[in-house]
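Secondary and tertiary structure notes
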Amino acid sequence: MNPLGGNGSLPAAPAAGGWQPAVPAANWPEEDRRWMRRALALAGRARGRTTPNPLVGAVLVRDDRVVGEGFHRRAGAPHAEAEALRQAGDRARGATLYVTLEPCCHYGRTPPCSDALIRAGIRRVVAAMVDPDPRVRGRGLAALRAAGVRVEVGLLEEEARRLNAAYLAWNLLGRPLITMKYAMTLDGRIATRRGDARWITGDAARRFVHRLRDRVDLIAVGIGTVLADDPCLTTRLPRGGRDPIRLVIDSQARTPPGARVVRAAAASPAPTWIAVTERAPAHRVRALEAAGAQVLRVPATAEGRVDLAELLVELGRRGIRHVLVEGGAAIHGALLAAGLADHVLAFIAPKLVGGAGAPGPVGGPGVDRMAGALRLHRVRLRRLGDDWLVEGYLRDPATLPLDVFSATAPGVSRAGGP
Ligand SMILES: NC(=O)c1ccc[n+]([C@@H]2O[C@H](COP(=O)([O-])OP(=O)(O)OC[C@H]3O[C@@H](n4cnc5c(N)ncnc54)[C@H](OP(=O)(O)O)[C@@H]3O)[C@@H](O)[C@H]2O)c1
Ligand SMILES: [Zn+2]
C-alpha cells in the first residue's frame, strides 16, 4: 500500500534497511581502524566532486608507517589506489592497503586497480565495502585473492556506505538518491497565504543549504516554485562553492525564458535543465533552448505530468547520483506518493504565520488515517541559529543489502579481522 498516493500500486519505502554490519567495528584491531578512518577522511575530501564515480580513499601502510595515500578527486582522475601506489613507489612492496571501496577490476577510464596492486606486491588489502557496481561486486577482491593477496572486507563498512549512499542508490535502486528539503514555520507553512516564502529560516540554516547544494549533483524544483519565487538555485558560499545542475519539473514548458534559474546558466558552470513532457508546446521549448536551457523530454503520467520515476532514471543515465528536491508542495507530495523520496531535511523556524490557505510542505491527497503516515528513521535533530533541522530517512540507501558473496565471489570471505 502506498500511503500518500491513494492508488496503492507503487511500493512504499521499506522500514529500516536490511543490511547490518557483519563484523562489529570493535572486533578489528585499533590500528586497522585508525588507518581506515584516515582513508575515509581522505575519501570525504572530494564530496560532490566525483560523480558519477564513488568517493574512495586509500592508505598504504608498511611497518606502521604510511608510505602512500590518495583519494579519487573527480571522475576521470586517477583512482585512490593508483594515487597511493604512485606516492609509495617501491615502498609499496609488502604493504597493506586500506581502501574505503573494493578495488576495481575492469577497464573504465583508467586501468584496473587490482592488477596494479598485484604488480606492486601489496601483501594485504583491507576494504571497507564491496563495490556495488555490477561490473565489480566482489570480482576485484576475488582477483586479488587469486593472486595470493590477503583480503579482508567490512572494516568500518557502515561509515563507508554512508559516504557513498548516492552511489549505492544508483547501483541498487537504479536511480539517484533523493533528498527532500523544505523550510517551514512552526505552524507547518512553507509560505504565507499570499505565497511569500522569503525568508522562513535565518542565516545559519540558509548557509547549511548552500553547503548541501555544493555537494549534490542536481537541485530540482517544480514549476510552481519557479513561478512563485523565481529562485536562482545556485550555490552561494563565502568561498564560492560548486553549483549543481538546476532542474525545473515543468510538464508544459511554462518556465519563463527570463526566469533567474534559466539566466543563471550564462554565469554558472552548471547547466539549467527543464524536464517537460512530449506534449509541451514546441514554441515554448524552442524559446527555453534559445535562452540557454537544455530541455529533457520525459514520458508523461496519465494526468499528463512529468513521470517522476522515468525522470529519475533519465537523470541517473546522465550521471546524476544525488538529487536535492527543494519543493514545492506538489512535487514533494508526488515524490512521496511514488515512493521516491529517501531522505528528508525539514528546517523549522520558530514562527507562526497562520492562514487556512497557506501551503504546507507536502501536497497531494495525503493519507486518510494516522496509522498510514510515513515514518522517518534514524531521526536527528540539530539547532541552526534560531531554527531547527529535523533529518531522517524514509529509505536509507546505506543499509540496502548487497548480497554478492555467494553469487559472484566464491573464495572471498565476508568476515574480517585477522
Ligand atoms: N519554504 C520552502 O521550503 C519552499 C520551497 C519551495 C517552494 N515553496 C513554496 O511553495 C509554493 C509552490 O509550490 P507548488 O506546490 O505550488 O509548486 P511546485 O511543487 O513547485 O510545482 C508544482 C507543479 O509542478 C508540475 N509538475 C510536473 N510534474 C509533476 C508531477 N509528476 N507531480 C506534481 N506536479 C508536477 C505541475 O505543473 P505542470 O502540470 O504544469 O507541470 C505542478 O503544478 C510557493 O508558494 C513557494 O513559495 C516553499
Ligand atoms: Zn580502480
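Keep in mind that this is a model prediction, so the values were computed, not measured. (Residues numbered from 1 in each chain as written. Chains lettered and ligands numbered in written order. Predicted model: local features only at pLDDT ≥ 70, side-chain atom pairs only at ≥ 80, totals over all residues.)

**Side note on the overall build of the protein chain**
- The helix and strand inventory of the protein chain stands at 13 helices and 14 strands.
- Here the C-alpha radius of gyration of the protein chain, 23 Å, is about what a compact globule of 418 residues would show, namely 22 Å.
- With the principal axes as the frame, the protein chain shows a C-alpha extent of 70 × 50 × 40 Å.
- Evaluated residue by residue, the protein chain yields a buried proportion of 48% over its 418 residues.
- Put simply, of all contacts in the protein chain between residues at least 6 apart along the chain, 73% involve residues at least 24 apart. (Helix = DSSP H or I, 4+ residues; strand = E, 2+ residues; numbered from the N terminus. Rg over C-alpha atoms; globule rule 2.2 N^0.38 Å. Buried ≥ 20, exposed ≤ 12 C-beta atoms within 10 Å, placed from the backbone. Contact = placed C-beta atoms within 7 Å.)

**Some words on the site of ligand 1**
- As a structural note, the neighbourhood of ligand 1 is formed by 32 residues, with Gly222, Gly224, Ser251, Gly327 and Gly328 the closest of them.
- Those elements that place two or more of their residues in the shell around ligand 1 are β6 (177-185), β7 (218-222), α8 (223-229) and α12 (329-337).
- Broken down by element, the residue count for the shell around ligand 1 peaks at five residues, all from α8.
- Looking at the shell around ligand 1 residue by residue, the class counts come to 17 nonpolar, 10 polar and five charged. (Near = placed C-beta within 6 Å. Nonpolar A, V, L, I, M, F, W, Y, C, P; charged D, E, K, R; others polar.)

**Details of the sheet that holds β6**
- The nine strands are arranged β10-β9-β8-β7-β11-β6-β12-β14-β13 in an open sheet whose pairing can be described as mixed. At either margin of the open sheet sits one strand with a lone partner, and together these are β10 (294-298) and β13 (377-384). Direction aside, the axes of adjacent strands within the sheet are offset by 20° on average.
- Against the sheet, helix α7 (residues 203-215) makes contact with β6, β7, β11 (322-325), β12 (343-349), β13 and β14 (387-393), and its axis sits at roughly 35° relative to β14, the strand it touches most. (Pairing = 2+ DSSP bridges. Axes fitted to C-alpha atoms, helices over the stretch in contact; angles between N-to-C directions.)

**Here we look at the confidence of the model for the protein chain**
- For the protein chain, per-residue confidence averages 91 on the pLDDT scale, and 92% of positions sit at 70 or higher.
- Here residues 1-17 is modelled with pLDDT under 50, and outside its nearest four sequence neighbours on either side it reaches 40 contacts, counting other chains as well.
- Predicted confidence for residues 404-418 stays below pLDDT 50, and this span has 35 contacts to residues more than four positions away or in other chains. (pLDDT = per-residue confidence, 0-100.)

**What about α12?**
- By the criterion of burial, α12 is predominantly enclosed, with seven of the nine residues buried.
- The set of residues buried in α12 consists of Ile331, His332, Gly333, Ala334, Leu335, Leu336 and Ala337.
- Against β6, β7, β8 (245-249), α11 (308-317) and β11 lie the buried residues of α12.
- Positioned one or two residues after α12, Gly339 has a phi angle of 70°, which is positive.

**Structural notes on the environment of Val285**
- Counting through the fold element by element, Val285 comes out in helix α10 (residues 282-290).
- Distance in space between the C-alpha atoms of Val285 and Val306 is 15 Å, their sequence separation being 21 residues.
- Not counting the four nearest positions on each side in its chain, Val285 is found in contact with Ala253, Val276, Ala280 and Val295.

**Description of the pairing of strand β2 (residues 65-71)**
- Across the seven residues that make up β2, a large majority, five, are buried.
- In sequence, strand β1 (residues 57-62) turns back onto β2 through a hairpin of two residues, with Asp63 there showing a positive phi of about 50°.

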